[in-house]
Amino acid sequence: MGRLPLPSLRIVGAATAVALALGATACGSSGGSGGDAKSGGSFTYWSMWRADEPQAQVLKAAIADFTASTGIKVDVNWTGRDISKKIGPAIAANQAPDLWDESNDVIYGSTASAGQALDLSPVLDQQVPGENVPVSAVIPAKYFDMLPKDPAGSNHYMIPYEIATTGMYYNAADPDIAAAMPSAPADWAGLLKVCDALKAKNKPCLASEGEDPWTNGLYFDYLLNAGGVDVNKLSADKSGAAWTDPAVLTAAQQVEQLVKGGYVIPGYDATKYPAQETNWTSGKAAFYMDGSYVTAEVAKQIPAGWKFGSILPPGAKAPDANLFGFAITKKAKHAPAAEKFIAFFMQKKQMAGMATTALNLTPRADIPAPAGLEDAQKALGGATVRLPYDGVAGGWPAKVFNQNLLDLWHGRTDAAQFVAKCKADQVSYWQTQG
């Protein structure tokens, strides 16, 4: 959907922004099979991270510890983002790695949806080394519950080690924002009141990369969630009747209020990323809707004294979450050894590097958030989480949503016109799908 067609691309960008200069070394090995501690053996691992990224630094250290502890060697290839294009052909050629990692959407789309990912439920039953608890005790079930199921009915085709979420980020040390928002607004009217108070001080409420339907559409996404509307189900209605739900129009009208109320930074509709992100870090607007990766992304731009805070659009029932983690190919030759490594990395002392070095959130609630992501971690602490846009995939965003959202966001259409156009385009889209 626009600038962020895959959320994983931006968390990756943030990682690169804070990357340390690392060597491209890897723990190599020859063939063999997994075994018990110190029994030796090996497995192959393709990683989405490049060797010079901070996530790779954390994983390299864990691989070294794992080999020292178990005798199992890891033949790792720091494949980078091309892994999403390589894994399918590798499986078809029977040359796939045992273990690989990526975002939940890539793992599902590339392997799990076709039944090519191993069910990792047994890993959840394994003990986390040194902690006397199973993996299932440290990785909350809610992160699996939100995932689509594979053909066998499992949503345990990946085990996450890193999480990205989204929200309205702001500088909590800004006196104008502190005065306008002494506490998070309880409802939509409360948010508009905050925006009015900021407007009275000549500070735009929202910064926006106007050409991006993904981040700007998150307001609509969260407002639909507040109204009890599942975007995936909305998009799947071939008749378009779901667009007549009053909650859909209400969400669109609330988005329209942001535009028509003059709460978005002037010129947002005529600039390209990162122009408005830069304006936001310069204090020229209060809130910026983006992913949790943004704190690392702008770390070198923010002035001294900046203190990150974040809120969700009022009324949202659950934060969204993107997972990054391990998967094992269905025909893996050394699956037991790869499973053993996954359980090993679930240790707090291993996974903590994803927060302290890679500056991202993890699924373990007992690993403190990196500085600036405390509010985001608190939001994720609730009983449920959800995929962005409730996991909508395929051609629907490009054919139905993106341009219509931008027309609404740029004030070219009103809420009623937006809803009507989306309904009509959705009917046409599904007619072309057969």
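Engineer: Describe the overall build of the chain, and please don't skip the residues or the numbers.
Structural biologist: When helices and strands are tallied, the chain shows 19 helices and nine strands. The C-alpha radius of gyration computed for the chain amounts to 22 Å, which stays within 12% of the reference 22 Å derived for 434 residues, consistent with globular compactness. Referenced to the eigenvectors of the C-alpha coordinate spread, the extents of the chain come out at roughly 70 × 55 × 35 Å. The burial tally for the chain puts 55% of its 434 residues in the buried class. Considering only contacts in the chain between residues 6 or more positions apart, those separated by 24 or more positions represent 77%. For the chain, the accessible surface area stands at approximately 16700 Å², while carbon and sulfur atoms represent 54% of it. Here the chain contributes 36 positively and 41 negatively charged side chains, and the mean placements of these two sets differ by 2 Å.

Engineer: How would you summarise helix α3 (residues 83-92) if you had to cite specific residues and measurements?
Structural biologist: When α3 is considered as a whole, its buried residues turn out to be Ile83, Ile87, Ala90 and Ile91. Within α3, the buried residues cover an arc of 95° as seen down the axis, which keeps them to one side. For α3, the exposed residues lying more than 90 degrees away from the buried face are Lys85, Pro89 and Ala92. Against β1 (42-47), β3 (99-103) and α4 (104-110) lie the buried residues of α3.

Engineer: Got a sec to walk through the sheet that holds strand β5 (residues 166-171)? Specific residues and values, please.
Structural biologist: Read from one edge of the open sheet, four strands run β6-β7-β5-β8, paired in mixed fashion. Sheet topology places β6 (206-207) and β8 (308-311) at the edges, where each strand pairs with a single neighbour. Both β6 and strand β7 (residues 287-291) contribute to a ladder of two bridges, which runs parallel. Residue pairing across strands places Leu206 opposite Phe287, the latter belonging to β7.

Engineer: Any chance you could break down the packing of helix α2 (residues 54-70) against helix α14 (residues 335-345) for me, citing the residues and the numbers?
Structural biologist: The N-to-C vectors of α2 and α14 enclose an angle of 115°; their axes lie 10 Å apart at closest approach. The hand of the α2/α14 crossing is right-handed. Packed against α2, whose contacting residues are Val58, Leu59, Ala62, Ile63, Asp65, Phe66, Ser69 and Thr70, the element α14 presents Ala337, Lys340, Phe341, Phe344 and Phe345 at the interface.

Engineer: Quick one: what's the story with the pattern of salt bridges, residue by residue and with numbers?
Structural biologist: Scanning all chains against the criterion turns up 13 salt bridges. Across the pair Lys203 and Asp176 runs a salt bridge whose closest N-O atoms are separated by 3.8 Å. Of this pair, Lys203 sits in the loop between α8 (188-200) and β6 while Asp176 sits in helix α7 (residues 175-180), and the two are 27 residues apart along the sequence. For Lys203, a relative accessible area of 10% gives the class buried. Judged by relative accessible area, which is 24%, Asp176 ranks as partly exposed. Here Arg364 ties to Asp366 by a salt bridge, and the two come within 2.7 Å at their closest N and O atoms. Judged by relative accessible area, which is 3%, Arg364 ranks as buried. For Asp366, a relative accessible area of 36% corresponds to the partly exposed category. Because the salt bridges share partners, they merge into one network encompassing Arg50, Asp52, Glu53 and Arg81.

Engineer: Quick one: what's the story with the nonpolar core, residue by residue and with numbers?
Structural biologist: Ranked by size, the top nonpolar core spans 136 residues in total, and within it Phe287 and Met346 carry the most contacts. Excluding residues within four positions of it along the chain, Met346 makes contact with Val128, Glu131, Val135, Val138, Ile139, Ile159, Pro160, Tyr161, Phe326, Met351 and Arg364.

Engineer: Summarise the confidence of the model for the chain; cite the residues concerned and give the values.
Structural biologist: Confidence in the prediction for the chain averages 92 pLDDT; 91% of positions are at 70 or higher. Note that pLDDT drops below 50 for residues 1-37; the model gives that stretch 118 contacts with residues more than four away or on any other chain.

Engineer: Give a detailed account of unusual backbone geometry, specifying residues and quantitative values.
Structural biologist: At the junction of Tyr273 and Pro274, the peptide bond is cis and its omega measures out at 10° in the coordinates. Turning to its location among the elements, Pro274 is positioned in the loop between α11 (246-260) and α12 (275-281). Positive phi is not limited to glycine here, since Asn202 has a value of about 65°. For Tyr389, which is not glycine, the phi dihedral falls at a positive 55°. By secondary structure assignment, the location of Tyr389 is in the loop between α17 (374-380) and α18 (396-409). Among the residues examined, Tyr389 registers a relative accessible area of 3% and is labelled buried.

Engineer: I'd love a proper account of the side chain of Arg386, names of residues and values included.
Structural biologist: Note on placement: Arg386 falls in the loop between α17 and α18. We classify Arg386 as buried; its relative accessible area is 5%.

Engineer: Break down the pairing of strand β2 (residues 73-78) for me, citing the residues and quoting the values.
Structural biologist: The side-chain alternation of β2 yields one buried face, formed by Val74, Val76 and Trp78, and one unburied face, formed by Lys73, Asp75 and Asn77. Taken together, the six bridges between β1 and β2 define a ladder with parallel strand orientation. Its bridge partner being in β2, Thr44 is matched across the sheet by Asp75. Crossover connection from β1 via α2 to parallel β2: handedness right-handed.

Thresholds, definitions, all that
In this convention, every chain numbers its residues from 1, walking through the sequence in written order. Whole-chain, interface and lining totals are the exception, using all residues; otherwise, since this is a predicted model, local features are given only for residues with pLDDT of at least 70 and side-chain atom pairs are given and counted only at 80 or more. Water and hydrogen atoms play no part in the side-chain values, which are based on all heavy atoms of the structure. Secondary structure elements are defined from DSSP: runs of H or I of at least 4 residues count as helices, runs of E of at least 2 residues count as strands, and each element is numbered from the N terminus. In this treatment the radius of gyration is a C-alpha quantity, and the globule benchmark scales as 2.2 Å times the residue count to the 0.38 power. The classification of residues rests on relative accessible area computed with a 1.4 Å probe and restricted to protein chains. Under 20% of the type maximum is buried, over 50% is exposed, and intermediate values are partly exposed. In what follows, a contact means two residues having at least one pair of non-hydrogen atoms within 4.5 Å. Computed with a 1.4 Å probe, the accessible areas rest on the Shrake-Rupley method; for each residue, only the protein chains presented here act as cover. Residues scored as positive are Lys and Arg, those scored as negative are Asp and Glu, and His as well as the terminal groups of each chain are ignored. Every charge is mapped onto a representative atom, which is NZ of Lys, CZ of Arg, CG of Asp or CD of Glu. In this description, one arc is meant: the one made by directions from the helix axis to the C-beta atoms. Following DSSP output, two strands are said to pair if at least two bridges run between them. Only the stretch in contact is used when a helix axis is fitted, and all axes are lines through C-alpha atoms; the angle between N-to-C directions ranges over 0 to 180 degrees. Left-handed is the label given to a crossing in which the near helix is rotated counterclockwise from the far helix by less than a right angle, and right-handed is the label when the rotation is clockwise. The working definition used for a salt bridge is a side-chain nitrogen of Lys or Arg within 4 Å of a carboxyl oxygen of Asp or Glu. As used in this record, nonpolar core signifies buried Ala, Val, Leu, Ile, Met, Phe, Trp, Tyr and Cys residues forming a set joined through side-chain atoms within 4.5 Å. pLDDT is a per-residue confidence score from the predictor, ranging from 0 to 100. When the strands point away from the viewer, a crossover counts as right-handed if the path from the first strand over the helix to the second runs clockwise.

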